Amino acid sequence: MNTLKKAFEILDFIVKNPGDVSVSEIAEKFNMSVSNAYKYMVVLEEKGFVLRKKDKRYVPGYKLIEYGSFVLRRFNIRDIAHDHLVDIMKRTGETVHLILKDGFEGVYIDKVEGEQSIPMVSRLGMKVDLYSTASGKSILAFVPEKELKEYLKIVELKPKTPNTITNPRVLKRELEKIRKRGYAVDNEENEIGIMCVGVPIFDHNGYPVAGVSISGVARKFTEEKIEEYSDVLKEKAEEISRKLGY
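Keep in mind that this is a model prediction, so the values were computed, not measured. Residue positions are given per chain, counting from 1 as you read along its sequence in written order. The predicted origin of the model limits local features to residues at a pLDDT of at least 70 and limits the giving and counting of side-chain atom pairs to 80 or more, whereas totals for whole chains, interfaces and linings rest on all residues. Derived side-chain values reflect all non-hydrogen atoms in the structure, with water molecules and hydrogen atoms excluded from consideration.

J.: Tell me about helix 3 (residues 34-46), and name the residues and values.
T.: Between its first and last C-alpha atoms helix 3 spans 18 Å; for 13 residues at 1.5 Å apiece the expected length is 18 Å, and the two agree. Three labels apply to residues, based on accessible area from a 1.4 Å probe with only protein chains included: buried if under 20% of the type maximum, exposed if over 50%, partly exposed otherwise in between. Note on conventions: DSSP H or I runs of at least 4 residues are helices, E runs of at least 2 residues are strands, and numbering of each starts at the N terminus. Inspection of helix 3 places A37, Y40, M41 and L44 among the buried residues, and these make up the whole buried set. Burial along helix 3 is one-sided: seen end-on, the buried residues are contained in an arc of 100°. Every exposed residue of helix 3 that faces more than 90 degrees away from the buried side is listed here: K39 and E46. Here, two residues are considered to be in contact whenever any of their heavy atoms come within 4.5 Å of each other. The inward-facing, buried residues of helix 3 abut helix 1 (2-16), helix 2 (23-29), strand 1 (50-52) and strand 2 (58-60). One or two positions beyond helix 3, positive phi appears at G48, with a value near 85°. One less than the residue count of a helix, multiplied by 1.5 Å, gives the span that helix is expected to have. Think of the arc as the fan of directions from the helix axis to the C-beta atoms.

Structure, rendered in C-alpha cells:
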C-alpha cells in the first residue's frame with residue numbers, strides 16, 4: 001500500500017509541476033534514491049501515465065487525458081447540483097431552477113419549488129431563451145466574445161413581455177453589467193409577475209455550461225432581497241462549479 005501511495009504522490013507531483021521533471025528531482029522531492037525513483041518512473045511510463053521526452057525528463061502522459069474524458073462524460077450536473085438547489089430553496093423559501101446550456105438555448109433540468117412559490121410555466125425538459133431569463137443572461141455574460149457575437153447575429157430577440165430586452169446593443173450593455181456584478185436579474189422579462197436572480201455555473205474549462213436561479217413574485221424582489229439572493233446563489237454556484245472541476 002505504501003508503494004501504491006508513493007506512486008500516486010509522484011504522479012500528482014508531475015501533473016502539477018509547471019515544467020518537465022527529472023528522475024533526480026523526484027528522488028530529491030520524495031527522499032529516495034535515484035535508482036528507486038527510476039523504478040517508479042518505468043512503471044508509470046509503461047502504463048501511459050507519464051511520457052519520457054528525448055532529454056529523459058518526464059511530463060504527464062496521454063492516459064490521463066483518456067481517463068479525464070471518461071470521468072467528464074460521467075458527470076451529471078443535475079446530480080451534482082440538486083442538493084445545493086434544495087439548500088437554496090430552504091434558505092430563501094423561493095423556487096430554484098437549474099438550466100443547462102444547449103447551443104443557443106437553455107433547458108430546464110431541475111426545479112425545486114419553494115414553500116412560498118406560485119405556479120410558473122417552467123417544467124423539466126422545457127426549452128427556454130437565454131436572453132429573457134436570469135440564468136440565461138448570466139450564461140451569455142460569460143461566453144467567449146466570438147460566441148456572443150454569433151448569438152446576437154443569429155438569435156432573434158422576440159418580446160416575451162413588455163420588459164423583454166429586444167435590442168442587441170441594450171442586451172450587450174446589460175451583459176457587461178452582469179459580468180461586473182456576477183449575477184443577472186430577470187425583471188419580468190420572461191413572465192409577467194415573476195422576477196428571477198441567476199448566476200452561471202462553470203465547467204473545468206471555465207465555460208458557463210449552466211445557470212441556477214431563484215424565482216418568485218416580482219413585488220417581493222426588493223433591492224435588499226436581490227442582493228441577499230445573489231449572495232446565496234454565488235456561494236452555491238461556486239461549490240457546484242468546483243465539483244465540475246472549475
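J.: Break down a negative patch on the surface for me, citing the residues and quoting the values.
T.: To count toward a patch, a residue needs a relative accessible area over 30% and no salt bridge; like charges are then connected within 9 Å, while nonpolar side chains (Val, Leu, Ile, Met, Phe, Trp, Tyr) are connected within 5 Å. Computed with the Shrake-Rupley method and a 1.4 Å probe, the accessible areas treat only the protein chains shown as cover for residues. By definition, a salt bridge exists where a carboxyl oxygen of Asp or Glu is found within 4 Å of a side-chain nitrogen of Lys or Arg. Charged-residue counts in this description rest on Lys and Arg as positive and Asp and Glu as negative, His and the chain ends being excluded. To locate a charge, the coordinates of NZ of Lys, CZ of Arg, CG of Asp or CD of Glu are taken. Taken together, E223, E224, E227 and D231 make up a surface patch of like negative charges. With respect to the helices and strands, E227 occurs in helix 9 (residues 223-243). The exposure class assigned to E227 is partly exposed, which follows from its relative accessible area of 40%.

J.: Before we move on, could you go through the UniProt feature "domain: HTH iclR-type" (unreviewed entry) in the protein chain and cite the residues and values that matter?
T.: Mapped onto the present numbering, the UniProt feature "domain: HTH iclR-type" (unreviewed entry) falls on residues 1-62. This span, residues 1-62, is 58% helix and 10% strand, and a straight line between its end C-alpha atoms measures 25 Å. UniProt positions are given in the numbering used here, feature names are shortened, and annotations may be inferred rather than shown by experiment.

J.: Run through the domain arrangement of the protein chain, naming residues and quoting values.
T.: Here the limits of each domain have been adopted from an automatic or database domain assignment. Along its sequence, the protein chain is carved into domain 1 (1-64) and domain 2 (74-242). The gap between the C-alpha centroids of domain 1 and domain 2 is 44 Å.

J.: I'd like to hear about helix 5 (residues 77-92), residue by residue, with values.
T.: In this model, helix 5 (16 residues) spans 22 Å end to end at C-alpha, consistent with the 22 Å of a helix rising 1.5 Å per residue. What the bend at a residue measures is the angle between two axes, fitted to the seven residues ending there and to the seven starting there. Where helix 5 bends most, at D83, the angle is about 30°. For helix 5, the set of buried residues is I77, I80, A81, H84, L85, I88, M89 and T92. Buried residues along helix 5 sit in contact with strand 3 (95-102), strand 4 (105-112), strand 8 (208-217) and helix 9. One side-chain oxygen of the residue at the start of helix 5 lies 2.9 Å from the amide nitrogen of R78, identifying that residue as N76. At the C-terminal side of helix 5, G93 shows a positive phi close to 80°. Pairs of N or O atoms within 3.5 Å make up the polar contacts considered here, provided that, within protein, one atom can donate a hydrogen while the other can accept it, and that residues adjacent in sequence are counted only when both atoms are side-chain atoms.

J.: Quick one: what's the story with the pattern of salt bridges, residue by residue and with numbers?
T.: Applying the stated rule across the entire model yields 20 salt bridges. Several salt bridges converge on common partners, so that one network encompasses D87, R91, E235, K236 and E239.

J.: Pulling in residues and values, what's your account of empty space enclosed by the protein?
T.: Rolled over the atoms, a probe with the dimensions of a water molecule shows which regions are left empty. Think of a 1 Å grid over just the protein atoms. A cavity is a set of points where a 1.4 Å probe fits yet cannot get out, a pocket is an open set with protein on both sides within 12 Å along at least five of seven lines, and lining residues have an atom within 4 Å of a point. Grid points are joined across faces, edges and corners, and a volume is the space filled by probe spheres set on the points. Evaluation of the coordinates by the stated rule reveals 1 cavity of 30 Å³ or more. Roughly 160 Å³ of internal volume is contained in the largest cavity. Together, 17 residues line the largest cavity, and Y108, T133, N190, C196 and S215 are the ones closest to its centre. For the lining of the largest cavity, the secondary-structure elements that each account for two or more residues are strand 3, helix 6 (134-140), strand 7 (194-202) and strand 8.

J.: Go over the nonpolar core with me, naming the residues and quoting the values.
T.: The set of buried Ala, Val, Leu, Ile, Met, Phe, Trp, Tyr and Cys residues whose side-chain atoms join them within 4.5 Å is what this entry labels a nonpolar core. Core analysis: the biggest nonpolar cluster contains 30 residues, and L98, I201 and V212 have the highest contact counts within it. Looking at this core, the elements with two or more residues in it are helix 5, strand 3, strand 4, strand 7, strand 8 and helix 9. Look past the residues within four positions of L98 in its chain and what remains in contact with it is I77, R78, A81, L85, V107, Y108, I109, D110, I201, A210, G211 and V212. Counting 19 residues, the second largest nonpolar core, distinct from the first, contains I139, L152, L175 and A184.

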